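Remarks on the overall topology
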2 protein chains.
Amino acid sequence: MQKYLEIIKQCPLFEGIADDHLLTMLGCLGAKTEHFDKKYTIMAEGNPAKYIGIVLTGSAQIIQIDYYGNRSILSGIGPSEMFAEAFACAEIPAIPVTVIANEPCDIMLINCDHILHTCQNNCGFHQQLIFNLMKDLALKTLLFHQKIEITSKRTTRDKLMAYLFFQAKKVGSNRFTIPFDRQELADYLEVDRSGLSAEIGKLRREGVLESHKKQFELL
Amino acid sequence: MQKYLEIIKQCPLFEGIADDHLLTMLGCLGAKTEHFDKKYTIMAEGNPAKYIGIVLTGSAQIIQIDYYGNRSILSGIGPSEMFAEAFACAEIPAIPVTVIANEPCDIMLINCDHILHTCQNNCGFHQQLIFNLMKDLALKTLLFHQKIEITSKRTTRDKLMAYLFFQAKKVGSNRFTIPFDRQELADYLEVDRSGLSAEIGKLRREGVLESHKKQFELL
DNA sequence: CTCCATTTGTTGAAAATTCAACAGAAATTC
DNA sequence: GAATTTCTGTTGAATTTTCAACAAATGGAG
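Residues numbered from 1 in each chain as written. Chains lettered and ligands numbered in written order. Predicted model: local features only at pLDDT ≥ 70, side-chain atom pairs only at ≥ 80, totals over all residues. Heavy atoms only, no water.

**With respect to the relation of the copies chain A and chain B**
So the rule is basically this: Least squares is used to superpose the copies, and the fit set is the C-alpha atoms of residues whose pLDDT is at least 70 in both copies. Contact between two residues is taken to exist if any of their heavy atoms lie within 4.5 Å; hydrogens are not considered.
Least-squares fitting of chain A to chain B yields an RMSD of 0.0 Å, with the transformation described by 0.0 Å of translation along the axis and a rotation of 180°. Considering both components of the superposition, the chain copies are consistent with a two-fold axis. Taking C-alpha positions as reference, the residue of chain A nearest the rotation axis is Met134(A), located at 2.2 Å. When the interface residues of chain A are mapped onto chain B, 98% of them again fall at the interface, so both copies present the same face.

**Some details on the packing of helix H7 (residues 182-189) of chain B against helix H8 (residues 193-205) of chain B**
Residues and elements named next belong to chain B. We apply this condition: Lines fitted to C-alpha atoms define the axes here, with helix axes fitted over just the stretch in contact, and angles between the N-to-C directions of these axes take values from 0 to 180 degrees. Here a strand is any run of E in DSSP of at least two residues, a helix any run of H or I of at least four, and the numbering for each starts at the N terminus. For classification purposes, an angle smaller than 35 degrees is called roughly parallel, one larger than 145 roughly antiparallel, one from 65 to 115 roughly perpendicular, and anything else oblique. Side-chain classes follow a simple rule in which Ala, Val, Leu, Ile, Met, Phe, Trp, Tyr, Cys and Pro form the nonpolar group, Asp, Glu, Lys and Arg form the charged group, and the remainder, Gly included, forms the polar group.
Between H7 and H8, the shortest axis-to-axis distance is 9 Å and the interhelical angle comes to 105°. In terms of axis orientation, H7 runs roughly perpendicular to H8. Packed against H7, whose contacting residues are Arg182, Gln183, Leu185, Ala186 and Leu189, the element H8 presents Arg193, Leu196, Ser197 and Ile200 at the interface. When its residues are assigned to classes, the contact of H7 with H8 shows five nonpolar, two polar and two charged.

**Notes on the protein's contact with DNA strand D**
Counted only if it meets this: Residues are classed as near a molecule or strand on a simple rule: at least one heavy atom within 4 Å of it. In protein, a polar contact requires one atom able to donate a hydrogen and another able to accept it; more generally it is a pair of N or O atoms within 3.5 Å, and residues adjacent in sequence count only if both atoms are side-chain atoms.
Residues in close proximity to DNA strand D total 15 residues, the closest being Arg182(A), Arg193(A), Ser197(A), Thr156(B) and Asp192(B). Expressed as a percentage, the sugar and phosphate content of the atoms of DNA strand D within 4 Å of the protein is 57%. Here Arg193(A) contributes a side-chain N or O atom positioned 3.0 Å from a base nitrogen of DNA strand D. Within the contact set of DNA strand D, a base nitrogen lies 3.3 Å away from a side-chain nitrogen or oxygen of Ser194(B).

**Concerning the sheet that holds strand S7 (residues 98-101) of chain B**
Residues and elements named next belong to chain B. We apply this condition: We treat two strands as partners when DSSP finds at least two bridges between them.
The antiparallel open sheet is built from four strands, whose spatial order is S2-S7-S4-S5. Each edge of the open sheet is held by one strand with a lone partner, namely strand S2 (41-43) and strand S5 (71-77). Neighbouring strand axes in the sheet, compared pairwise and without regard to direction, differ in orientation by 35° on average. When strand S4 (residues 60-65) meets S5, the two strands line up antiparallel, connected through six bridges.

**Observations regarding the sheet that holds strand S3 (residues 51-57) of chain B**
Backbone hydrogen bonds are what pair the strands of a sheet, in a parallel or an antiparallel way. All names here are of chain B. Strand order in the open sheet made by the four strands is S1-S8-S3-S6, with antiparallel pairing throughout. Of all the strands in the sheet, just strand S1 (32-36) and strand S6 (82-83) have a single pairing partner and so form its edges. Looking at chain direction, S3 and S6 are connected through two bridges and run antiparallel. Following the sheet pairing, glycine 53 is matched in S6 by phenylalanine 83.

**Side note on the interface of chain A and chain B**
Put simply, the rule reads: Values labelled buried area give the accessible surface lost by two parts on being combined, using a 1.4 Å probe and summing over both. By definition, a salt bridge exists where a carboxyl oxygen of Asp or Glu is found within 4 Å of a side-chain nitrogen of Lys or Arg.
With 40 residues of chain A at the interface, the matching set in chain B holds 39 residues. Note on chain A versus chain B: buried area summed over both sides is about 3600 Å², and carbon and sulfur give 67% of it. Salt-bridge contacts for Lys135(A) lead to Glu91(B); the nearest nitrogen and oxygen are separated by 2.0 Å. Connecting chain A to chain B are six residue pairs in polar contact (both at pLDDT 80 or more). Elements represented by at least two residues in the side of chain A that touches chain B include exactly strand S5 (71-77), helix H3 (85-90) and helix H5 (124-151) of chain A. Per-element tally for the side of chain A that touches chain B: the top contributor is H5(A), with 17 residues. A per-class count over the side of chain A that touches chain B returns 22 nonpolar, eight polar and 10 charged.

**Re the protein's contact with DNA strand C**
As a matter of local geometry, DNA strand C sits amid 16 residues, with Thr156(A), Asp192(A), Arg182(B), Arg193(B) and Ser197(B) nearest to it. Per the 4 Å cut-off to the protein, sugar and phosphate atoms form 60% of the nearby atoms of DNA strand C. Between DNA strand C and Lys213(A) there is a distance of 3.3 Å, counted from a sugar or linking oxygen to a side-chain nitrogen or oxygen. Elements with a contribution of two residues or more to the surface near DNA strand C: helix H8 (193-205) of chain A together with H7 and H8 of chain B. Considering every element that reaches the surface near DNA strand C, the biggest residue donor is H8(B), with four residues. Residue classes in the surface near DNA strand C are distributed as one nonpolar, seven polar and eight charged.

**Points about the environment of Ala90(A)**
What counts is decided by this rule: Buried residues are those whose accessible area, probed at 1.4 Å on protein chains only, stays under 20% of the maximum for their type, while exposed residues exceed 50% and partly exposed ones sit between those limits.
You can see Ala90(A) is positioned in helix H3. Relative accessible area serves as the criterion here: at 8%, Ala90(A) is assigned to the buried category. Taking the C-alpha atoms as reference points, Ala90(A) and Ala49(A), separated by 41 residues in sequence, lie 8.8 Å from one another. Setting aside residues no more than four positions away along its own chain, Ala90(A) makes contact with Lys135(B), Ala138(B), Leu139(B) and Leu142(B).

That is the geometry; function is a separate question.
Right, dumping it as structure tokens:
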């Protein structure tokens with residue numbers, strides 16, 4: 001646990017928690033870490049929604065798969081970011097998504113009950129954690145709004161351009177690297193992969209953008 | 001304010017607040033109510049994100065309009081429900097959506113600062129409110145997941161059926177009334193209205209459902 | 001009750017997406 | 001370093017959506 005301290009400190013859940021309290025608190029919360037190899041399932045749809053996950057190393061993806069096997073990527077998450085917190089906080093029985101390791105990962109799991117309820121002495125830390133959870137959930141809501149704004153466009157081109165503009169805005173530059181390969185980008189934008197590839201080619205020929213694999217430049 | 005007390009008590013923000021404290025608290029929070037006629041804008045995109053809104057009477061819709069004027073409905077909200085709380089809690093400068101009155105409405109507005117920060121005496125009520133906000137945001141996240149699950153389907157038919165199944169599940173019956181007219185349903189599902197009407201007609205002829213305006217029955 | 005505005009359903013043509021299949025490029029494995 | 005797997009781009013056909021325009025049905029105002 002010690003070796004991940006720098007990552008953990010950056011997790012929005014622990015904002016405002018003094019460094020020297022962090023480890024004790026993690027013990028008190030019953031935090032445990034697990035390792036997952038690439039493509040392994042960290043949480044499966046239908047699993048109990050008890051745990052909040054925090055990515056320590058590597059990266060993961062939140063996905064939904066429907067009856068027909070269509071995969072839809074809800075978001076990608078990297079070190080110090082949280083996942084499944086909404087389901088744990090909502091105290092629903094089972095999670096409606098699947099979380100898979102995008103590369104080898106170390107994941108910290110915290111039983112959300114310990115944050116929300118199990119505090120006999122109503123200590124200030126729990127209040128801080130709850131405040132942090134609220135803040136995090138509010139920010140996650142904004143990401144959902146963004147995704148809906150992108151995927152509500154009717155054409156592959158418009159979805160792609162909306163996504164690329166958000167990425168450019170996020171890093172503050174016209175050159176950036178996206179966290180998805182082609183299939184994953186298609187699953188995030190909710191379009192057909194081959195159609196997406198074709199559209200990228202067309203935009204390149206039109207001089208709208210340059211791209212090489214995951215690297216893009218808006219012109 | 002007094003006359004809306006029953007509605008206000010049902011608002012998830014005030015869960016666990018004793019009745020006899022409610023009015024005082026509302027005063028302390030600087031809550032104010034405003035009336036809006038049908039189709040009027042309650043909050044416009046770009047407005048400061050200071051206020052949490054609570055619907056007292058009537059109903060409203062959260063919408064996004066893109067460059068081309070395409071409207072996308074994010075959700076509909078009715079009495080005792082909150083809106084814009086995510087933007088206020090995230091403490092971003094401006095809201096990214098527009099809220100319009102779907103019918104004549106009375107709306108209560110609360111400056112979120114007063115909930116999150118301005119409490120000198122760290123009273124238990126504020127902690128409760130923050131906990132309630134967290135809970136509400138977690139539940140709202142589930143609604144977003146649901147909307148994405150619906151709109152990620154590739155055909156109008158699949159989107160419509162996914163939506164109707166969720167509605168049926170929600171009320172626990174195969175007969176239900178939806179809160180949208182045809183154009184609004186199309187804007188929620190992010191499809192073309194005429195195509196949606198055609199698809200409903202086809203499903204009816206196939207014996208999959210019965211429908212009369214906003215009333216549906218799955219067969 | 002009548003007129004007017006809104007909502008809904010229908011249609012056909014144009015545009016876009018999806019689907020399946022394949023080939024070359026790139027990356028990984030042994 | 002060779003073989004194998006994965007990823008990416010391309011294509012054409014089939015399906016579906018969008019778009020525009022119109023008529024019927026509905027609802028409200030005066």
